Amino acid sequence: MTEHIATSERRDDKPQRWTLALADKTTQVISGKGARQYLLSFLKTTAAQKLLVLSDDNVAPLYLRSLTSQLQAANYQVVTKVVPAGEATKNLQQVNTLYDLLLQKKFSRRDILLALGGGVIGDLGAFVASTYMRGMALIQVPTTVVAQGDSSLGGKTAVDLAMTKNLIGSFYPAQAVFSDPEFLVSLPPRELSSGLAEMIKCLLISPDQPTARNLLAGLPTDFLQTRVGLASLVAQGARVKSDLVQRDFYDFKERRYLNFGHTVGHAVEALAAGRLRHGEAVSIGMVAILQALVTHQLIPAQLLLLVTTKLKALRLPTTIPATMTSQQLLAKIALDKKVAAGQVELVLLHDWGQPYLQKIPLTKLATWLGWSTC
Ligand SMILES: NC(=O)c1ccc[n+]([C@@H]2O[C@H](COP(=O)([O-])OP(=O)(O)OC[C@H]3O[C@@H](n4cnc5c(N)ncnc54)[C@H](O)[C@@H]3O)[C@@H](O)[C@H]2O)c1
């Protein structure tokens, strides 16, 4: 076992805490083993009497009862709502159902909506919290890698409309986020590795290069079985996201670095029509960009090799499926919201931890990426 992993394990033992200042709000983040134990002490600092705990039908059987018992034992009035798991739940009908429930149970603005689940539950719950009575208190208890390292932080809320992901939403940070890696134990392996693609992306754009390098280089080949160092990886991803959203809450510049690998990734994900998870498509997208950067001699080939090796060790795909043509991919990229005036905005790297935004004309993109267009 390497020195790096031993260090990671020591860090896994105690939750890290930090405060995010986002627009006029702050988010207390508690991340690490046992983080959920800090929920009650945080609640005592609020004026809440009631909590609506929102979860999905995969997460609820595992974790809802112990959470509600803990809250009830502390004399909070608890209402629970369990919705079907999956992206299809992020819709305006669910939003209406939740508004009705909050009204019926006489929730006030100072009462809390607690989102217990992955990014779907977090996005849906946060959207409802942001709009009910112009904004009620919100706590996130994220249970996936994506939710712990990404979606629970930074205040973007969303539901889908007319088959378009995240079309309706708001910026509304949670008051607190309790990210406990113990929830990840029950996460199916494919969800775990898919989420880890986003954490590897965070390592690549992380300004804390030594830590990021150590975490990635130290990721053992049997990581999916042992999950050693998982908490450190997710916490580091969360740190990178936290830093970027603090610098650019409304997504005009630095926050966009989080889109590394996403332009090609989104096109691949759309063409895969449900056969690839988001993180799997992002894995392919990151490698496509790194390959182009190596070809243009803008980054060292070792960086591409290291990243590809680690992604493969996580059983993530790294090549564009042979069934997808460049024309199809370009047609999808042309629909990307980052396309304006015939140019697409890509996130590129000068080197590890040095991301930048670059506009490339759509007409030159295939050549730049080294794709054949015949
Ligand atoms: N707001 C943001 O900034 C932001 C950022 C990234 C992603 N997102 C959104 O997040 C969503 C994706 O999040 P996700 O990947 O967490 O998906 P998800 O919420 O659908 O969770 C993935 C699956 O894992 C299950 N699950 C969750 N926790 C579990 C656990 N501990 N044990 C066992 N099963 C568990 C869920 O029921 C679901 O089936 C998308 O809707 C995306 O748009 C939002």
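A. Representation of a nonpolar patch on the surface within the structure. A contiguous nonpolar surface patch, about 230 Å² in accessible area, is contributed by L92, L161 and L167. Mapping L161 onto the fold places it in strand β7 (residues 156–161).

B. The sheet that holds strand β12 (residues 355–361), seen in detail. With antiparallel pairing, the three strands of this open sheet are ordered in space as β10-β11-β12. At either end of the open sheet lies a strand with only one pairing partner, and these are β10 (339–340) and β12. Alignment of β10 against strand β11 (residues 343–349), held across two bridges, turns out to be antiparallel. Paired with A340 across the strands is Q343, a residue of β11.

C. Region of interest: the site of the ligand. In the vicinity of the ligand there are 26 residues, among which D56, E87, T143, T144 and S186 approach most closely. One of the side-chain N or O atoms of T144 is found 2.6 Å from an oxygen atom in the ligand. One of the side-chain nitrogen or oxygen atoms of K241 is found 3.3 Å away from an oxygen atom of the ligand. For the ligand, whose free accessible area comes to 860 Å², the fraction covered by protein is 85%. Counting only elements with at least two residues in the shell around the ligand, the list comes to α3 (60–73), α5 (119–131), α6 (145–151) and β8 (164–171). For the shell around the ligand, the per-class residue count stands at nine nonpolar, eight polar and nine charged.

D. Structural view of the domain arrangement of the chain. Assigned domains of the chain: these are domain 1 (3–186) and domain 2 (260–369). Relative placement of domain 1 and domain 2: their C-alpha centres are 31 Å apart.

E. Unusual backbone geometry, seen in detail. The backbone phi angle of M133 is positive, close to 50°, even though this residue is not glycine. Looking at where M133 falls in the secondary structure, it is placed in the loop between α5 and β6 (137–142). For M133, a relative accessible area of 38% puts it in the partly exposed group. Phi is positive for Q297, which is not a glycine, with a value near 55°. In this structure, Q297 sits in the loop between α12 (278–295) and α13 (301–313). Q297 gets classed as exposed once you look at its relative accessible area, which sits at 71%.

About the thresholds
Residues take numbers from 1 onward in each chain, read along the sequence in its written order. Side-chain atom pairs in this predicted model are given and counted only at pLDDT of 80 or more, local residue features only at pLDDT of at least 70, and totals for whole chains, interfaces and linings cover all residues. Water and hydrogen atoms play no part in the side-chain values, which are based on all heavy atoms of the structure. Candidate patch residues must exceed 30% relative accessible area and have no salt bridge, after which like charges are joined if within 9 Å and Val, Leu, Ile, Met, Phe, Trp or Tyr side chains if within 5 Å. Exposure was quantified through the Shrake-Rupley algorithm and a 1.4 Å probe, taking into account, for residues, occlusion by the shown protein chains and nothing else. Between Lys or Arg on one side and Asp or Glu on the other, a salt bridge is scored when a side-chain nitrogen of the former is within 4 Å of a carboxyl oxygen of the latter. The helix count covers DSSP runs of H or I at least four residues long, the strand count covers runs of E at least two residues long, and both are numbered beginning at the N terminus. Two strands are said to pair when DSSP picks up at least two bridges between them. If a single non-hydrogen atom of a residue is within 4 Å of a molecule or strand, that residue counts as near it. In protein, a polar contact requires one atom able to donate a hydrogen and another able to accept it; more generally it is a pair of N or O atoms within 3.5 Å, and residues adjacent in sequence count only if both atoms are side-chain atoms. Gly falls in the polar group here, along with every residue not listed as nonpolar (Ala, Val, Leu, Ile, Met, Phe, Trp, Tyr, Cys, Pro) or charged (Asp, Glu, Lys, Arg). Domain start and stop positions are those given by an automatic or database domain assignment. Whether a residue is buried, partly exposed or exposed follows from its accessible area with a 1.4 Å probe, protein chains only, as a fraction of its type maximum: under 20%, in between, or over 50%, in that order.

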